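Chain by chain, the residues:
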Amino acid sequence: MQTQLRPLGIVKEVVEEIGLQVTYAYDDLVFVEHNDFLLQFGNDPSLLHLHFNTECPEDEAVALTAKLIPAAACKGLSMQRKGTYTMDEDENDNLRISFNP
């Protein structure tokens, strides 16, 4: 089975083009400063799913989406807005992310 590499460097460039920084990447998730949104790699490494934090105001989400999708396309990546997420800690201080459609 051949593993496809995820273009994290390109994703970082896309995020930086809109004035933000990638703060952490884990498995298929890319976390961005302020936690307004996170990116998730799809099965195809050139596809990114855009999830907004439930605490991000909708007008900000719309504005960010309008910047992110074209910036990704310019770098050869596809990005789709997928829904929202919540993030909290469990009783063992582990981070838990719940995705909502």
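Reading the values: rules and limits
- Residues numbered from 1 in each chain as written.
- Predicted model: local features only at pLDDT ≥ 70, side-chain atom pairs only at ≥ 80, totals over all residues.
- Heavy atoms only, no water.
- Pairing = 2+ DSSP bridges.
- Helix = DSSP H or I, 4+ residues; strand = E, 2+ residues; numbered from the N terminus.
- Axes fitted to C-alpha atoms, helices over the stretch in contact; angles between N-to-C directions.
- Contact = heavy atoms within 4.5 Å.
- Polar contact = N/O pair within 3.5 Å; in protein donor to acceptor, adjacent residues only side chain to side chain.
- Buried < 20%, exposed > 50% of the residue type's maximum accessible area, 1.4 Å probe, protein only.
- Arc of directions from axis to C-beta.
- Salt bridge = Lys/Arg side-chain N within 4 Å of Asp/Glu carboxyl O.
- Core = buried A, V, L, I, M, F, W, Y, C linked by side-chain atoms within 4.5 Å.

K.L.:
An account of the sheet that holds strand β3 (residues 37-41) is requested, with residue identities and associated values reported.
P.N.:
Note: strands within a sheet are paired through backbone hydrogen bonds, in either parallel or antiparallel orientation. Strand order in the open sheet formed by six strands is β1-β2-β3-β4-β5-β6, and the pairing between neighbours is mixed. Of all strands in the sheet, those with a lone pairing partner are β1 (22-26) and β6 (95-100), marking the two edges. Strand after strand, the sheet turns through a mean of 30 degrees between neighbouring axes, direction not considered. Relative to strand β2 (residues 29-32), β1 runs antiparallel, the two sharing four bridges. Looking at the pairing, A25 lines up with V30 of β2. Helix α1 (residues 8-17) rests against β1, β2, β3 and β4 (47-53) of the sheet, and its axis sits at about 155 degrees to β3. Set on the sheet, helix α2 (residues 58-74) makes contact with β3, β4 and β5 (78-89); between it and β5 the angle comes to about 135 degrees.

K.L.:
So, the side chain of Q40: which residues are in play, and what are the values?
P.N.:
Structurally, the position occupied by Q40 is in strand β3. Reaching out from Q40, the side chain makes a polar contact with the side chain of D28 at a distance of 3.1 Å. Discounting residues that sit within four places of it in the chain, Q40 has contacts with D28, L29, L47, L48, H49 and H51.

K.L.:
Explain α1 to me, using residue names and the numbers behind them.
P.N.:
Considered for burial, the residues of α1 that qualify are V11, V14 and V15. Taken end-on, α1 shows its buried residues confined to a sector of 95 degrees, consistent with a single buried face. In this structure, the buried residues of α1 make contact with β1, β2, β3, β4 and α2.

K.L.:
Account for the pattern of salt bridges, with residues named and values stated.
P.N.:
Per the stated rule, a full pass over the model turns up five salt bridges. The partner of E17 in a salt bridge is K75, with the nearest N and O atoms 3.3 Å apart. Residue E17 is found in helix α1, and its partner K75 is found in the loop between α2 and β5; the two are separated by 58 residues along the sequence. With a relative accessible area of 31%, K75 lands in the partly exposed category. Ionic pairing is found between D88 and R96, a salt bridge with its closest N-O pair at 3.2 Å. Among the ionic contacts, a cluster of salt bridges with common partners joins E13, E17 and K75.

K.L.:
For the nonpolar core, give the residues involved together with the corresponding values.
P.N.:
Core analysis: the largest hydrophobic core is formed by 22 residues, its most contacted members being V11, F37, L39 and L68. If you tally residues by element for this core, the top one is α2, at five residues.

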